[in-house]
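For reference, the chains in residue letters:
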Amino acid sequence: MENRVRDYREAAGWSQGELARRLRVSRQTINAVETDKYDPSLPLALRMASLFGLEVRELFIDHWMPEKE
Amino acid sequence: MGMAMTAERTAKLRKTLLSSLVGAIVGAGCVAGLFWLAGQDLLDAMGLSRIVLAAIGVIYLLMTAMIGFGLAAPRAGAKLLNVADAEELVEERANLGMSAAFTAALGLTLMLVALARAPGFAAGIVPGGVAMAAVLLLFAAATLTWRWQKRYDELSQQLGLEGA
């Protein structure tokens, strides 16, 4: 899923390792999310958004739209 | 952006092909070598199901060897193993080491079971009790390693599930 994790992480001045440490996951997980190879679980997505002071949908972009009835 | 993605895909494809080629050559070579060592008489006595079981055991042992190679030489290992980069092999050394140890135990146990003496397989070169003890030890170890899961974050757990 398209996301802006790298943008917000870099804006915060954190390395991948630093963000991983704050979220208590591995650096590989952060790298996989940023390169769109892995979609995080809902709890991790919520923690990420909370850490950056954002809503989840500001961090993770989904272009899906409901069909009009 | 487009060219970068194409280059990344090409690199990934190249890595996959290299890993597959090396794995196929090493795997086929080791299995063929072990079959040659075992001899035709033992293979005939084993039958197809035991041979397949032994071959799966060899594959697990080869996986252990490949992980061990990656841990010993991260730069070269990163080109063969399914990891993001060499740093991952360094950072995850402890977890990968434990995984390699369990994979080795699993492979060894499968080999012992495949070669275990039993009714209908008197030519077995491993006493039945030894194979049974290995299976019980493996189950005990698997139960204990349940606690390890806290050491792995969600990505590692997901990859482990997919791999299994």
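What counts as what
- Residues numbered from 1 in each chain as written.
- Chains lettered and ligands numbered in written order.
- Predicted model: local features only at pLDDT ≥ 70, side-chain atom pairs only at ≥ 80, totals over all residues.
- Heavy atoms only, no water.
- Axes fitted to C-alpha atoms, helices over the stretch in contact; angles between N-to-C directions.
- Helix = DSSP H or I, 4+ residues; strand = E, 2+ residues; numbered from the N terminus.
- Parallel < 35°, antiparallel > 145°, perpendicular 65-115°, else oblique.
- Left-handed = near helix turned anticlockwise from the far one by under 90°.
- Nonpolar A, V, L, I, M, F, W, Y, C, P; charged D, E, K, R; others polar.
- Core = buried A, V, L, I, M, F, W, Y, C linked by side-chain atoms within 4.5 Å.
- Buried < 20%, exposed > 50% of the residue type's maximum accessible area, 1.4 Å probe, protein only.
- Contact = heavy atoms within 4.5 Å.

A. Geometry of the packing of helix α2 (residues 40-72) of chain B against helix α5 (residues 93-114) of chain B. Residues and elements named next belong to chain B. Relative to each other, α2 and α5 sit at 160 degrees, their axes nearing to 8 Å. Between α2 and α5, the crossing angle belongs to the class labelled roughly antiparallel. Of the two possible hands of crossing, α2 and α5 adopt the one that is left-handed. Among the residues forming the contact of α2 with α5, the class breakdown is 19 nonpolar, five polar and two charged.

B. Looking closely at the nonpolar core. Counting 19 residues, the largest nonpolar core has Val-5, Leu-19, Leu-23, Ile-30, Met-48, Leu-59 and Phe-60 of chain A as its most contacted members. Secondary structure elements with two or more residues in this core: α2 (16-23), α3 (27-34) and α4 (42-52) of chain A. The dominant element in this core, judged by the number of residues it contributes, is α4 of chain A, at five residues. Residues within four places of Ile-30 of chain A in sequence aside, it is in contact with Gln-16, Leu-19, Ala-20, Leu-23, Val-25 and Met-48 of chain A. Within the second largest apolar cluster, 13 residues are counted, among which are Leu-43, Met-46, Leu-115 and Val-126 of chain B.

Honestly, it's all geometry; don't read function into it.
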